[in-house]
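Observations on the model geometry
Residues per chain, in single letters:
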Amino acid sequence: MNKPILLIAIILLLKMTAFGQPNVHGQSSTYEWPSDPLVKNKLEKWQDQKFGMIIHWGLYAVPGIMESWNLCSEDWISRDSTIAYEDYKKWYWGLSEKFNPVNFNPDQWAKAGKSAGMKYLVFTTKHHDGFNMFDTKESDFKISNGPFKGNPKADAAKFVFDAFRKQDFMIGAYFSKPDWHSQYYWWSKYATADRNNNYDIKKNPWRWNKFKTQTFNQISELMNNYGSVDILWLDGGWVRPLETVNDEVRAWGAAIPAWSQDIDMPKIAEMGRKAQPGLLIVDRTVHGPYENYQTPEQRIPEQQLNHPWESCMTLGGAWGFVTNDQYKSAATVIHSLIEITAKGGSLLLGVGPKPDGTMPDEVVNRLGEIGAWVSKNGKAIYETRITKDYHNGNTWFTQSKDAKTKYALVCVKEGESLPSIISWTGNAPIKGSKVKFLQTGENVKWVKENDTIKVFLPKNIPAGLPALAFSFSTRP
């Protein structure tokens, strides 16, 4: 194969992988620990949570389509070719006149998350399409300005945050840095060629400064008007200073403009942490002081990492609500949660409410199935940290923060019956110690044969368990 053809093949392969998909954020190659003690403490608390919910809800729920991205003119986007692009945008913007979630029930969402064993929330206050799910004063393009305007819950984000606080969740506000509806980002004077702003910032500094002001003011509203917020989760990593653009960004497949999309993160961070001391800021893939934890998307890193991170993954095939979505099994999610925890991360699971404001029944049921296992085995997940030998076959290992207790989590392949004996190599309990089967709370018999640990399962184990978890001591 000659070099040009080989290069094209590599690029196509990259675009087909989760890391390389243009609408999927990868992972920064470096991490910078925060220095602020309040941020450090908040980060430590966040690392204890392990399992969160990210909710995408907006205009895209009305027709049940992919969130925002159909507005973008990039090669990977598939739209009806019989509709002119400008007509499509008008149709999409016009969904704001149809979005009327009369059954909006954030308490249902929060209770479903609680039942799953989730501990923190990230709610989409504004996605790339620019439609605001809070009552911002910076734009009329918002849920509180359409058919839902007269509803007591029209300021949707407020009621979402309140509902999840009642269930003891840490609260995260998702905010898209780009805004495709704003004339300060996508100026109608020019075509919108891709996801980036469509005018030369160097030639139009006034317009970009207006966008920076709009962005700062909206984030300020979220930080000052919506109660306690733990996480500011910033999406749209292509909006960044030009000097931070690297091969990771180019791998998304999007054109990189010749100007810096700098929105002055130091100013935003200073304001945010004045309003919310210890605020975690997650400026996705823009490595440095404002990416307090990394967020690989729709994938789990190959190796264990010793710095804070989460995998954000969907329960179904899409982030938001789409008709006839296919949802992952509870076992698949639990296996991911186990692997992610053993590798030092957290799982942020994505779900999308319906356009009427309720969570799909299948989502609620699936979260309940997940929670049935987590409620019995959560000690092996919550407040744990990584251990050196963390993987052996289908068994993963975590440990308590004081390193006195280790946990073995055995993933069971769906449809397979349980053996009577579970075995692994390494991570041996200390001689004479007890091994507890977390599902039932009973101690089980175990033996060590050379380097192999054999654990004898109790009788009458519930059928269909997706995983087995054991606790034991490895030192006095």
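Parameters at a glance
Counting from 1, residues in each chain are numbered in the order their sequence is written. Only residues with pLDDT of at least 70 are given local features in this predicted model, and only at 80 or more are side-chain atom pairs given and counted; all residues enter the totals for whole chains, interfaces and linings. Where side-chain values are given, they derive from all heavy atoms of the structure, hydrogens and water being excluded. UniProt positions are given in the numbering used here, feature names are shortened, and annotations may be inferred rather than shown by experiment. Think of it in three bands: with a 1.4 Å probe and only protein chains considered, a residue is buried below 20% of the maximum accessible area for its type, exposed above 50%, and partly exposed in between. Between any two strands, at least two bridges found by DSSP are needed for them to pair. Think of it this way: any DSSP run of H or I at least four residues long counts as a helix, any run of E at least two long counts as a strand, and we number them from the N terminus. Every axis corresponds to a line fitted to the C-alpha atoms, with the helix fit spanning only the stretch in contact, and the corresponding angles, defined between N-to-C directions, vary from 0 to 180 degrees. Only buried Ala, Val, Leu, Ile, Met, Phe, Trp, Tyr and Cys residues count toward a nonpolar core, and they belong to the same one when joined by side-chain atoms within 4.5 Å. For the domain bounds, the source is a domain assignment made automatically or taken from a database. Residues count as neighbours in contact if any of their non-hydrogen atoms are within 4.5 Å of one another. Whenever Lys or Arg places a side-chain nitrogen within 4 Å of a carboxyl oxygen from Asp or Glu, that contact is recorded as a salt bridge. Note: buried area is the sum, over both parts, of the accessible area (probe 1.4 Å) each one loses when the two are combined. Each polar contact in these results corresponds to two N or O atoms within 3.5 Å; when the atoms are within protein, one needs to be able to donate a hydrogen and the other to accept it, and residues that are neighboring in sequence are counted only if both atoms are side-chain atoms. Residue type decides the class: Asp, Glu, Lys and Arg count as charged, Ala, Val, Leu, Ile, Met, Phe, Trp, Tyr, Cys and Pro as nonpolar, and the leftover types, Gly among them, as polar. Think of a 1 Å grid over just the protein atoms. A cavity is a set of points where a 1.4 Å probe fits yet cannot get out, a pocket is an open set with protein on both sides within 12 Å along at least five of seven lines, and lining residues have an atom within 4 Å of a point. Grid points are joined across faces, edges and corners, and a volume is the space filled by probe spheres set on the points.

In the annotation of an unreviewed UniProt entry, the entry for the protein reads alpha-L-fucosidase, and the organism field reads Pedobacter steynii. According to the UniProt record, the Function (unreviewed entry) comment for the protein reads "Alpha-L-fucosidase is responsible for hydrolyzing the alpha-1,6-linked fucose joined to the reducing-end N-acetylglucosamine of the carbohydrate moieties of glycoproteins."

The UniProt entry lists Cys312 under the feature "site: May be important for catalysis" (unreviewed entry), expressed in the numbering used here. Residue class for Cys312 comes out buried when judged on its relative accessible area of 1%.

So, on to the sheet that holds strand β12 (residues 421-425). Read from one edge to the other, the open sheet built from three strands follows the order β12-β16-β15, with strand pairing classed as antiparallel. Every other strand in the sheet has two partners, leaving β12 and β15 (446-449) as the edge strands with one partner each. Direction aside, neighbouring strands of the sheet carry axes that sit 20° apart on average. With five bridges joining them, β12 and strand β16 (residues 452-456) adopt antiparallel strand pairing. When the bridges of β16 are listed, Thr425 appears paired with Thr452.

Membership of the largest hydrophobic core comes to 103 residues, with the highest contact counts inside it found for Trp57, Phe123 and Phe164. Residues from two domains meet in this core; each of domain 1 (37-383) and domain 2 (391-473) gives at least three. Apart from the residues within four sequence positions on either side, Phe123 is in contact with Ile55, Trp57, Trp109, Met133, Ala157, Val160, Phe161, Gly172, Ala173 and Tyr174. One finds Val435, Trp446, Leu465 and Leu468 within the second-largest nonpolar core, a separate group that totals 18 residues.

Opposite charge on two side chains allows them to pair when their charged atoms are near. Counting across every chain of the model gives 19 salt bridges. The shortest N-O distance in the salt bridge between Lys343 and Glu339 comes to 2.7 Å. The partner of Lys454 in a salt bridge is Glu449, and the shortest N-O contact between them spans 3.1 Å. For Glu449, a relative accessible area of 40% corresponds to the partly exposed category. Salt bridges linked by common partners bring Glu44, Asp48, Arg385 and Lys401 together as one network.

Next up on the list: the domain arrangement of the protein. Taken domain by domain, the protein comprises domain 1 (37-383) and domain 2 (391-473). On a C-alpha basis, the centroid separation for the pair domain 1 and domain 2 is 37 Å. With 19 residues of domain 1 in contact, the opposing surface of domain 2 contributes 15 residues. Of the roughly 1,600 Å² buried at the junction of domain 1 and domain 2 (both faces included), carbon and sulfur atoms supply 64%. Counting across the domain 1 and domain 2 interface gives two salt bridges. One salt bridge connects Lys401 with Glu44, and the closest N-O pair in it is separated by 3.6 Å. One can count eight residue pairs in polar contact (both at pLDDT 80 or more) joining domain 1 with domain 2. Broken down by secondary-structure element, the contributors of at least two residues to the side of domain 1 that touches domain 2 are α2 (37-49), α9 (330-342) and α10 (361-377). A breakdown of the residues in the side of domain 1 that touches domain 2 according to their chemical character gives seven nonpolar, five polar and seven charged.

What follows covers empty space enclosed by the protein. Over the atoms rolls a probe the size of a water molecule, and in doing so it shows where empty space is left. Summed over the entire model, instances satisfying the criterion amount to four cavities of 30 Å³ or more. Counted as a void, the second largest cavity has a volume near 50 Å³. If you go around the second largest cavity, you meet 13 residues; those closest to its centre are Gly320, Asp325, Tyr327, Val351 and Gly352.

Turning our eyes to something else, we now look at the environment of Ile201. Relative to the helices and strands, Ile201 resides in the loop between β3 (170-176) and α6 (205-225). For Ile201, a relative accessible area of 9% puts it in the buried group. As for Ile201 and Phe159, which are separated by 42 residues in sequence, their C-alpha atoms are 37 Å apart. Contact partners of Ile201, with chain neighbours within four places excluded, come to Trp208, Trp259, Ser260 and Gln261.

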